[in-house]
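# Remarks on the overall topology
Here are the chains, one letter per residue:
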Amino acid sequence: MANSGAEKLKLYSYWRSSCAHRVRIALALKGLEYEYIPVNLIKGDQFDPDFKKINPMGTVPALVDGDVVINDSFAIIMYLDEKYPEPPLLPRDIHKRAVNFQAMSIVLSGIQPHQNLAVIRYIEEKINAEEKTAWVNNAITKGFTALEKLLVNSAGKHATGDEIYLADLFLAPQIHGAINRFQINMEPYPTLAKCYESYNELPVFQNALPEKQPDAPSTI
């Protein structure tokens with residue numbers, strides 16, 4: 001393990017959070033041991049005063065590395081990549097780097113916030129469940145359409161070639177959630193579907209799946 005002999009990292013996570021999911025993939029890819037600390041978003045653990053001291057925003061994930069506390073998934077992943085540079089999460093080629101950042105941004109700002117638990121709960125409470133479903137489906141469809149066009153000419157086994165890079169860490173949880181949580185049909189997105197198939201063959205992705213986390217319910 002890359003951090004053997006050092007104080008073990010602590011990851012505050014919720015099994016179903018796609019933001020925490022992408023960090024779990026990064027930790028696995030880097031070969032890093034960590035302590036998994038569950039934060040039950042359904043029960044409201046994120047509002048506990050002790051957790052708010054760690055993350056005033058009351059969101060997951062949060063990573064504690066000794067005296068260092070980082071609360072944003074992208075910041076956590078970049079921190080891990082700089083501290084543990086092998087294997088690298090960004091390619092040397094500047095165009096491929098840009099594609100990785102674009103794919104990451106589409107998921108990070110164009111899709112995931114619209115399916116955030118707090119957002120869809122608010123829509124369901126203020127309007128209805130049907131509008132919640134339409135809202136999420138629209139966000140995912142718009143984002144996946146953009147991702148398909150972005151990656152169709154750069155994908156290999158994975159999003160931007162045959163190596164695992166930043167884009168893959170963001171794509172895998174988003175596609176997994178779209179299929180299993182929101183029942184999105186992947187037929188219009190063959191490039192994304194091919195990437196997802198490749199992720200399903202790799203232990204670093206499989207071990208990070210929501211249903212394999214210690215706080216996942218026994219029946220999903």
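Structural notes, computed from the coordinates. (Residues numbered from 1 in each chain as written. Predicted model: local features only at pLDDT ≥ 70, side-chain atom pairs only at ≥ 80, totals over all residues. Heavy atoms only, no water.)

### Observations regarding the pairing of strand S1 (residues 9–13)
- In terms of residue burial, S1 counts as a mostly covered element, since four of its five residues are buried.
- For S1 and strand S2 (residues 34–38), the ladder comprises five bridges, and the chain directions are parallel. Among the inter-strand pairings, Tyr12 is bridged to a residue of S2, identified as Ile37.
- On the question of chirality, the crossover connecting S1 to the parallel S2 by way of helix H1 (residues 18–30) is right-handed. (Buried < 20%, exposed > 50% of the residue type's maximum accessible area, 1.4 Å probe, protein only. Helix = DSSP H or I, 4+ residues; strand = E, 2+ residues; numbered from the N terminus. Pairing = 2+ DSSP bridges. Right-handed = clockwise from strand over helix to strand, strands pointing away.)

### Some words on the side chain of Glu148
- Here Glu148 is to be found in helix H6 (residues 129–151).
- One buried charged residue, Glu148, forms no salt bridge at all, with the nearest opposite charge on Lys194 at 10 Å.
- Other than its neighbours up to four places away in sequence, Glu148 contacts Pro188, Tyr189, Pro190, Thr191 and Leu192. (Lys, Arg positive; Asp, Glu negative; His and termini not counted. Salt bridge = Lys/Arg side-chain N within 4 Å of Asp/Glu carboxyl O. Contact = heavy atoms within 4.5 Å.)

### Re the environment of Asp65
- Locating Asp65 in the fold gives a position in strand S3 (residues 62–65).
- Of the residues examined, Asp65 reaches a relative accessible area of 10% and is grouped as buried.
- Taking the C-alpha atoms as reference points, Asp65 and Ser105, separated by 40 residues in sequence, lie 25 Å from one another.
- Among all residues touching Asp65, those that are not within four sequence positions of it are Leu9, Tyr79 and Lys83.

### Side note on the packing of helix H4 (residues 94–111) against H6
- Relative to each other, H4 and H6 sit at 175°, their axes nearing to 10 Å. The pairing of H4 with H6 is recorded here as roughly antiparallel in orientation. Residue-level contacts link Val99, Gln102, Ala103, Ile106, Val107, Gly110 and Ile111 of H4 to Ala139, Ile140, Gly143, Phe144, Ala146, Leu147, Leu150 and Leu151 of H6.
- Taken together, the residues of the contact of H4 with H6 sort by class into 12 nonpolar, three polar and no charged. (Axes fitted to C-alpha atoms, helices over the stretch in contact; angles between N-to-C directions. Parallel < 35°, antiparallel > 145°, perpendicular 65-115°, else oblique. Nonpolar A, V, L, I, M, F, W, Y, C, P; charged D, E, K, R; others polar.)

### Section: unusual backbone geometry
- Residue Pro61 follows Val60 across a cis peptide bond; omega there is 5°.
- Within the element layout of this structure, Pro61 appears in the loop between helix H2 (49–54) and S3.
- Following Glu86, the chain continues into Pro87 via a peptide bond in cis, with omega recorded as -10°.
- Structurally, the position occupied by Pro87 is in the loop between helix H3 (73–83) and H4.

### As for the side chain of Arg22
- One can find Arg22 in helix H1.
- Among buried Asp, Glu, Lys and Arg side chains, Arg22 stands out as unpaired, with Asp72 the closest opposite charge at 6.7 Å.
- The residues touching Arg22, leaving out its near neighbours within four places in the chain, are Ser73, Ile77, Val107, Leu108, Gln112, Leu169, Phe170 and Pro173.

### Remarks on the packing of helix H5 (residues 117–126) against H6
- Contact pair H5 / H6: the axes reach a minimum separation of 7 Å and the direction vectors enclose 140°. Considering the relative orientation of H5 and H6, their crossing is right-handed. Taking contact as the criterion, the partners of Val119, Ile120, Ile123 and Glu124 in H5 are, on H6, Ala129, Glu131, Lys132, Trp135 and Val136.
- Considered class by class, the residues forming the contact of H5 with H6 number six nonpolar, no polar and three charged. (Left-handed = near helix turned anticlockwise from the far one by under 90°.)

### Re the packing of aromatic side chains
- Evaluation of the coordinates by the stated rule reveals five aromatic pairs.
- When the ring of Phe74 is compared with that of Phe170, the centres are 6.5 Å apart and the planes differ by 70°; the resulting orientation is edge-to-face. Of this pair, Phe74 sits in helix H3 while Phe170 sits in helix H7 (residues 166–180), placing them 96 residues apart in sequence.
- Judged by relative accessible area, which is 1%, Phe170 ranks as buried. (Phe/Tyr/Trp six-rings, centres within 6.5 Å; stacked < 30°, edge-to-face > 60°.)

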